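# Close look at the chain arrangement
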Amino acid sequence: MFLKPYRPKSSAALKGSDSKKFRQRVEAAFPHVAVDQLVPAKAAVTQVKILTHGGVQSMVYCVDKLPLFFELDGGQLVPTLYTLWTIPDILPYFTTHEGVLPKLTNGADLMLPGVVPLGVGLSMYGHYKKGQLMAVNLTNNKSAVGVGQLARSSDELYMCGGHGVAIKMLHLFGDKLWSHEPSLVQQIPLVKTKALSGEDFPALGSEPEKKKTASPATPAPVTFASVAQTEELETETAALTLESQETAESDEEAVEEASPELILKNAFLSALKNNGKKLPLPLLTSNFYRLYVVTEAPEQIDLKKTRYKKLSNFLVEMVDQGFIVVREESKGVDKIISVDLEHPEVVNFITDVKAGEANGAASETPLFHSELKEMYIVTDVTAAFFTKLNYKRGEGIPAGQIKKIVREYVSKHSLLHPLTKLVRPDETLIELYGNREASLSEMCSLITSKMEHSYQMCSGKDTSGKPLIQMSLATRSGNKKVTLVSNIEAYGIILAEFIKLCKQGAAASTSVVKLPHQKHEQLQIQGNQVRFVHTLLTETYKVPPKCILGLELAKDGKKHKKK
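Residues numbered from 1 in each chain as written. Predicted model: local features only at pLDDT ≥ 70, side-chain atom pairs only at ≥ 80, totals over all residues. Heavy atoms only, no water.

### A short note on unusual backbone geometry
For the bond from L281 to P282, the omega torsion is -5°, close enough to zero to count as cis. You can see P282 is positioned in the loop between α7 (260–275) and β11 (283–284). Backbone geometry places N487, a non-glycine residue, at a positive phi of 70°. In this fold, N487 is placed in the loop between β18 (480–486) and α16 (495–506). Here K542, not a glycine, exhibits a phi torsion of approximately 55°, which is positive. With respect to the helices, strands and loops of the structure, K542 is situated in the loop between α17 (530–540) and β21 (548–549). (Helix = DSSP H or I, 4+ residues; strand = E, 2+ residues; numbered from the N terminus.)

Quick look at the structure:
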C-alpha cells in the first residue's frame, strides 16, 4: 500500500476535542492497550490526508511527528511498525522465515508456505476471522517487520493445504510510510529469540494478554549499535543523560519565554511567509486561521490561554500593525482582502517550514534507491575476533563483507597453510569454533553461525566502499563539448530524477550512454557542466566532495568553494 510514494494532500493538527475523540477511537479499537502509552494526553497529534500511488485516499495519524496509525476504507485504524515496536502485543503475530523479508519488501504478499505453524490441526493458524489485522515477525527476531490483513479465516487457511495467500500486506519495513518523517526513521529493533517455543511465540490462536506486568520500553531510534552489551550502553547512556540534562537546564529559560502569544504570532508570521503568495484572497478569517495559522504552529494553539481570548481580537491587533487588511462582508463575517508581504517583520522572519516541505517533496519524488541489506551483528562470542579488526560489539556488518574481513584476518596473522590451503586456527579462532582446520568458506560459515542475522534499510547516502564519481570532458561532432559523468548509480542515485534535475538546472540536453563491457551507465550532458554537476551532487544529494573527481575541468579552472 505504501511501497510507492504517496502524495500528502493536507495536514492539520487535531484540537483538544478532536484529539480526545482520536484517543477514544484508539482505546475502542485496542482495548487491551493503555492509550496513554501510545497517545499521551498532551502529545501533538497531526492528521495527514494522503493519496496513495494507487489512487486510494487514506489518513495517517502522527503523534509528535511519528506516524503511529493509518486508516483503511471504512475507518479501521491500523497500527504502524513504530506502534508495534512500542507496544508489541497490540496485534497477534504470524511468524515467517528471515529470507522471506526481501520478497515482501519487493511487493509480495505473505504466502502460506512462508508461515511458521506453531499449532497442530485446526489450530495451526490460530482462530481468526477473514480481514483480521495481523503483524508479521521473523524466526530470529520478535520485532514486527510488517502489518497486513488475513486473506482467509484460520479454518480456510488450514483447508488450503499450505498453498495460497495468508496475509495481504499493507505496511512494511522500508516503505514510504516507514520513512514518512526522515529525521525519525528507525531500524528494526533486535529482540532475540531463544527458540520457536510457546514461551517465545505464543500460540497463534491465543488472545493478546489483557494486562502486562511491565510496560515495554519505547525503543530509542534504533541502529545496530543498540544491540551492544549492557556495559557499553550504561556508560554511553550515562554520558548522554548528563549532556541532555545540561542542555535542558541551559534551554529552560528559552522554553519559558515561548508564551502562547509568541507561539500564535510566530505561526501567523510563518503562514504569511510561506503561503502569502498562494492565499486565495478574499479569504474568511476563520479559514485563514484554521488552514494556514494552525498548521504552522509547532504545538497546539489554545486561544483561550492567550491574552486575546478570541481570534477577532488577535486579528484586530494584526490589522493595526499593518500585516493584513480585513473587511466585514456582513454581520459576523470577516474576510482578509490583502496582506503586506513586504512588512519588515514578515521579511525578516526566519522559518524552517520550507525545509519540511523540501523533505516532503523528497519523500514524494525520491532521489535515492532504497536497498534492504542483509547484515550480521557482532555478538559476545564473536567480539574477540572482530575487535582485532576495529569492529565493535553490537555493530552490523554487511553479509558480503564478512568473507573480506576473514581473508584480511587470515592474511594478517599468516594462518593459511601453503599446501593444504586450509586455515590453521589461532587462540582466538579456537575459542570461537574449536581446534579444527577449515577452508575460508567454512570459516565464514562457522563465524556467521555465531552472529545475529538481521536486515537494515539503506539508501545511496552511504558512500563507504563505493567507486569515486568521475567527471570528464569529451568532444563530439562539430567540436561540441559534452560532460561525461560515471559511477553515479553506485551511490543509489535514481538516474531518471538526476537527468530531470540536470535538464531543469543546466538547460542542457542530457542522455544516458551505455558503455561496452561495463555494468554501469554513463551520463552525457551537453556543454561544460562540470561545476553544475558538482554542485548538484554535493548540495542536493549530499555526496562528499572527496568522492567526486574532475572539478578542475570546470570553465574557470577554480575549485568550488563552499559558502
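### Here we look at the pattern of salt bridges
Any two side chains of opposite charge can pair, on the condition that their charged atoms come close. Taken as a whole, this structure holds 6 salt bridges when the rule is applied. Note that E345 is salt-bridged to K265, the shortest N-O span being 3.4 Å. A residue pair is termed long-range when its members are at least 10 positions apart, and E345 in helix α10 (residues 344–348) and K265 in helix α7 qualify at 80 residues. Its relative accessible area of 35% is what places E345 among the partly exposed residues. (Salt bridge = Lys/Arg side-chain N within 4 Å of Asp/Glu carboxyl O. Buried < 20%, exposed > 50% of the residue type's maximum accessible area, 1.4 Å probe, protein only.)

### Regarding the side chain of S58
As for its position among the elements, S58 is in strand β3 (residues 57–63). At 2.7 Å, the side chain of S58 and the backbone oxygen of E71 are in polar contact. Those residues in contact with S58 that lie beyond four places of it in its chain are M1, V48, K49, I50 and E71. (Polar contact = N/O pair within 3.5 Å; in protein donor to acceptor, adjacent residues only side chain to side chain. Contact = heavy atoms within 4.5 Å.)

### Thoughts on the sheet that holds strand β17 (residues 469–476)
With respect to topology, 5 strands assemble into an open sheet ordered β19-β20-β18-β17-β21, the strand pairing being mixed. Pairing within the sheet leaves two strands with one partner each, and these edge strands are β19 (510–513) and β21. Note that β19 and strand β20 (residues 522–526) share 4 bridges and pair antiparallel. Its bridge partner being in β20, S511 is matched across the sheet by Q524. (Pairing = 2+ DSSP bridges.)

### Brief notes about the confidence of the model for the protein chain
Of all residues in the protein chain, 80% attain a pLDDT of 70 or more, and the chain-wide mean is 78. Ignoring residues within four places in sequence, the model shows residues 195–257, a span with pLDDT below 50, making 69 contacts including any to other chains. Every residue in residues 557–563 scores below 50 in pLDDT, and together they form 10 contacts with partners more than four places removed in sequence or on other chains. (pLDDT = per-residue confidence, 0-100.)

### Regarding the nonpolar core
By size, the foremost hydrophobic cluster in this structure holds 63 residues, and its most contacted members are F22, V26, F69, L84, F94, L110 and I167. Sequence-distant contacts of F22, that is, excluding residues within four places in its chain, are made with L14, V39, V45, Y61, F69 and L77. In terms of nonpolar packing, the next biggest core, distinct from the first, is built from 27 residues, F268, L279, Y289 and Y308 among them. (Core = buried A, V, L, I, M, F, W, Y, C linked by side-chain atoms within 4.5 Å.)

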